[in-house]
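# Descriptive analysis of the structure
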Amino acid sequence: MTRRPLVAGNWKMNGLCAALPEIEAMGAAYDDALRDRAELIVCPPATLLALACEVTTRGGLGLGAQDCAVAPRGAHTGDISAEMLKDVGASYVIVGHSERRADHRETDADVHAKAAAALRAGLTPIICVGETRAERDAGDALRVVGAQIESSLPSSAPAHIVVAYEPVWAIGTGLTPTVGDVAEMHAFARERIEARLGGGKSLRIRILYGGSVKPSNARELMHVANVDGALVGGASLTATDFIGVASAYR
Ligand code: PGA
């Protein structure tokens, strides 16, 4: 089963209009050889989506958002629906990022509902899971991630959904798990995804690793069994670093 690797850039709450040339530069560096090997998407803040869409389309990059509301429309001041994201050109949306789980107290049930909303709107959800440092130290990482998969993935989800394993303690810290720990977690995640969805879907679902991925460690991390790409934060803000990470697939 071949899964096309996906390298997704999560800009978080970074990026003004002046940053659009960076996306332009990513498109310029995303040459045919790399395109053959990996899919690249960038997830800028919602304020930039409509403007970024033109640029990503020209550069052959995909476009994703970082969160979506559950309802399709209505009296939800400040929220943005999956349908609205689709309307301005997004094809992916990250849901359940640990920063949203922490800052906005999003539960697995919320993440499940958001993933379902994304699918309803025709977006591909990138569903994030991952343990905290305390959970890993307590020997609980597999159990925690298994439970998040069980409760955050809609049971009828199709095989084009994406799951991202991001240990919370590795995000923005420069720390990464050992290759052995990544291999163990990704094999386990695929098993749990299969238990949740059945029908051999897990073999087609891409499982990304995220947490301090940068050009210098991308090759090692991306070549671990069952790692089908990366969710990249800090190193996705410049074309040089983002293409440097994706070049692990050259
Ligand atoms: P980082 O963030 O690459 O800056 O660690 C990853 C993420 O939060 O998706």
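Analysis parameters
Residues numbered from 1 in each chain as written. Predicted model: local features only at pLDDT ≥ 70, side-chain atom pairs only at ≥ 80, totals over all residues. Heavy atoms only, no water. Helix = DSSP H or I, 4+ residues; strand = E, 2+ residues; numbered from the N terminus. Contact = heavy atoms within 4.5 Å. Domains from an automatic or database assignment. Buried area = accessible area lost by both parts, 1.4 Å probe. Salt bridge = Lys/Arg side-chain N within 4 Å of Asp/Glu carboxyl O. Pairing = 2+ DSSP bridges. Axes fitted to C-alpha atoms, helices over the stretch in contact; angles between N-to-C directions.

As for its placement among the helices and strands, S98 is situated in helix 5 (residues 98-103). Residues within four places of S98 in sequence aside, it is in contact with V168 and I171.

To continue, consider the domain arrangement of the protein. By the assigned domains, the protein splits into domain 1 (11-30 + 43-63) and domain 2 (68-90 + 98-238). Distance from the C-alpha centre of domain 1 to the C-alpha centre of domain 2: 21 Å. With both chains or domains summed, domain 1 and domain 2 bury close to 910 Å², and 69% of this area falls on carbon and sulfur atoms. Interface area lost by domain 1 to domain 2 is led by W11, K12 and L49, which between them contribute 44%. At the boundary of domain 1 and domain 2, one finds one salt bridge. When the shortest N-O distance is used, the salt bridge between E99 and K12 registers 2.8 Å.

A barrel is described by the order of its strands in space; here eight strands give the closed sequence 1-2-3-4-5-6-7-8, paired in parallel fashion. Recorded for the sheet is a direction-independent mean angle of 25° between the axes of neighbouring strands. As defined by bridge partners, strand 6 (residues 162-165) adjoins strand 7 (residues 206-210) across four bridges and the pair is classed as parallel. Counterpart to A164 in the pairing with strand 7 is L208. Packing of helix 11 (residues 239-246) onto the sheet brings it into contact with strand 1 (6-10), strand 2 (39-43) and strand 8 (229-232), and relative to strand 1 it is tilted by some 155°.

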